[in-house]
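Structure at a glance
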Amino acid sequence: MKFKSKALMTIFTSILLSGSSVALAATWTIGSVSVPAWGGSARTSESNTKATTSNYASFNGDVQPNSFGYTVTLADSNNASRTSQVGLYLNKTSRASDNTLTVNHYGYGKVFSKGYEPNSSRVKLHFSADKK
């Protein structure tokens, strides 16, 4: 009887641990934002939940119409930056460090145009509040 109890306990523990590891998996969020000209910034309405204690957030540009490029940071629900600012590149992942967003909180992509960019634009990106 003891053997069956230990075996069942091991099985249940394995199921619980495997379920929690799935819950902690980092994900991508696809978003878009209208970015103003002349160094303006805008935050996505789409959010990504921070799932790990990683010090990084990840960004990848999908559509970037302006010639001068963009920078991006992870912002919280109050629009405060929670990571360093990094370049947003087309089809290339960049990682921002110093991620201070707390696990299970929402992060948003905050995109900046360059200070010398005369045109507003619609930027599409995917981002994660964790390292991807």
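Right above here is the structure, for reference.
Structural notes, computed from the coordinates. All of these numbers come straight from a predicted model, not from anything done at the bench.

The rules we used
Residues numbered from 1 in each chain as written. Predicted model: local features only at pLDDT ≥ 70, side-chain atom pairs only at ≥ 80, totals over all residues. Heavy atoms only, no water. Salt bridge = Lys/Arg side-chain N within 4 Å of Asp/Glu carboxyl O. Helix = DSSP H or I, 4+ residues; strand = E, 2+ residues; numbered from the N terminus. Buried < 20%, exposed > 50% of the residue type's maximum accessible area, 1.4 Å probe, protein only. Pairing = 2+ DSSP bridges. Axes fitted to C-alpha atoms, helices over the stretch in contact; angles between N-to-C directions. Contact = heavy atoms within 4.5 Å. Polar contact = N/O pair within 3.5 Å; in protein donor to acceptor, adjacent residues only side chain to side chain.

**Side note on the pattern of salt bridges**
Counted under the stated rule, the structure contains two salt bridges. Note that Lys50 and Asp130 form a salt bridge whose closest N and O atoms lie 3.6 Å from each other. Of the two residues, Lys50 is situated in the loop between strand 2 (41-49) and strand 3 (57-63) and Asp130 in the segment after strand 8 (121-128); the sequence distance between them amounts to 80 residues. Owing to a relative accessible area of 0%, Asp130 belongs among the buried residues under this scheme. Residues Arg82 and Asp76 are paired through a salt bridge, measuring 3.1 Å at the closest nitrogen-oxygen approach.

**Let's talk about the sheet that holds strand 3**
The sheet built from four strands is open, its strands ordered 1-8-3-6 with antiparallel pairing. With partners counted over all chains shown, the strands left at the sheet margins are strand 1 (29-35) and strand 6 (93-96), one partner each. For this sheet the average axis-to-axis angle between neighbouring strands, irrespective of direction, equals 35 degrees. Where strand 3 lies against strand 8, five bridges are found, and the strand directions are antiparallel. Opposite Phe59, over in strand 8, you have Phe127 as the bridge partner.

**Focus: the sheet that holds strand 5 (residues 86-88)**
Strand order in this open sheet of four strands is 2-7-4-5, and the pairing throughout is antiparallel. Two strands bound the open sheet, and with one partner strand each, they are strand 2 and strand 5. Ignoring strand direction, the axes of neighbouring strands in this sheet form an average angle of 35 degrees.

**Details of unusual backbone geometry**
With a phi angle near 55 degrees, Trp38 is a residue other than glycine that sits in the positive phi range. In this structure, Trp38 sits in the loop between strand 1 and strand 2. Trp38 sits in the exposed class, given a relative accessible area of 57%. Even without a glycine there, the phi angle at Asp98 is positive, about 60 degrees. Here Asp98 is to be found in the loop between strand 6 and strand 7 (106-113).

**Examining the environment of Glu46**
Turning to its location among the elements, Glu46 is positioned in strand 2. A relative accessible area of 27% places Glu46 in the partly exposed class. When the C-alpha positions of Glu46 and Thr29 are compared, they lie 7.2 Å apart, and in sequence the two are 17 residues distant. When near neighbours in sequence (up to four residues on either side) are disregarded, Glu46 contacts Thr29, Ile30, Gly31, Ser32, Gly107, Tyr108 and Phe127. Looking at Glu46, its side chain comes within polar contact range of the main-chain nitrogen of Ser32, at 3.5 Å.

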